[in-house]
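Chain by chain, the residues run as shown.
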Amino acid sequence: MFTGIITGVGRIAAVHDLGSSSSHGKRLGIAAPAGYLDDVGLGDSIALNGACMTVTTLDPAHQLFTIDISAESLDKTAGLAEPGARVNLEKALRASDRLGGHIVSGHVDGIGTVSRFAPVGESWELRVLAPQALARFLAYKGSITVNGVSLTVNSVSDGPEGSEISINLIPHTVENTAPRQPEAGSRVNLEIDTVARYVERMLQAGALPSTPKDTTP
């Protein structure tokens, strides 16, 4: 589990094929910030742009680690196989950690498209067109994860191609996450709020269940 609070920005230093066909995944070498790997061990989970990955090798002396990503994960995510690309990093949540963002699973639900990124006063407005399949999970003042960053939805506008959400980014978020200035048309990983996921499941069952009555004599 994660919180959507980015703890470092890394770089994809190397991309290696794990096989010769499109059904094979890739091994990514990630360059981490200085000291980032000091408390990381083999098998630990680190989210890359919001996608939970497993550390397969470690080279703390050179601030490098590798992860293996399947062809399925590559197909369902964006920006995880581009050499030189900057990626948001977050280590898995400890039970004693503060939950500064919201509960994030590290499972990408869909790929959105940036439609606008522009300054508004001292902050920045980010607009993302989310796929139609995610529209029912998006709500005003609800939570969403964009490339691993926990953010609050300021508005939702539904249309035939999907739902465009507007998000306000403070300067600290822009300066300490990747990409710092996303271009219109760039693709981003989206994860819906966990609570919204369960509410939708209960509604699909027909109705929200009533609270069980206390039958203690």
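What comes next concerns the included structure. (Residues numbered from 1 in each chain as written. Predicted model: local features only at pLDDT ≥ 70, side-chain atom pairs only at ≥ 80, totals over all residues. Heavy atoms only, no water.)

1. Some words on the packing of aromatic side chains
Okay, so step 1: Taken as a whole, this structure holds one aromatic pair when the rule is applied.
Okay, so step 2: Taking 4.8 Å as the distance between ring centres and 10° as the angle between the ring planes, the aromatic pair formed by Phe 117 and Trp 124 counts as stacked.
Okay, so step 3: Residue classification places Phe 117 among the buried residues on the basis of a relative accessible area of 17%.
Okay, so step 4: Geometry around Tyr 36 places Lys 91 over its ring, the cationic atom sitting 4.3 Å from the centre. (Phe/Tyr/Trp six-rings, centres within 6.5 Å; stacked < 30°, edge-to-face > 60°. Buried < 20%, exposed > 50% of the residue type's maximum accessible area, 1.4 Å probe, protein only. Lys NZ or Arg CZ within 6 Å of the ring centre and 35° of its normal.)

2. Examining a nonpolar patch on the surface
Okay, so step 1: Taken together, the side chains of Val 195, Tyr 198, Val 199, Met 202 and Leu 203 make up a nonpolar region of the molecular surface, amounting to roughly 470 Å² of accessible area.
Okay, so step 2: Relative to the elements of secondary structure, Met 202 occurs in helix α3 (residues 194-204).
Okay, so step 3: Classification of Met 202 by relative accessible area gives partly exposed; the value is 31%. (Patch = residues over 30% accessible without salt bridge, like charges linked within 9 Å, V, L, I, M, F, W, Y side chains within 5 Å. Areas by Shrake-Rupley, 256 points an atom, 1.4 Å probe, with all protein chains shown as cover. Salt bridge = Lys/Arg side-chain N within 4 Å of Asp/Glu carboxyl O. Helix = DSSP H or I, 4+ residues; strand = E, 2+ residues; numbered from the N terminus.)

3. Observations regarding the sheet that holds strand β10 (residues 149-159)
Okay, so step 1: What the six strands build is a closed barrel, ordered β7-β8-β11-β10-β9-β12; its pairing is antiparallel. On average, adjacent strands in this sheet sit at an angle of 45° to one another, irrespective of strand direction.
Okay, so step 2: Two elements, β10 and strand β11 (residues 162-169), share six bridges in a ladder whose sense is antiparallel. Note that in β11 the partner of Val 153 across the bridge is Ile 167. (Pairing = 2+ DSSP bridges. Axes fitted to C-alpha atoms, helices over the stretch in contact; angles between N-to-C directions.)

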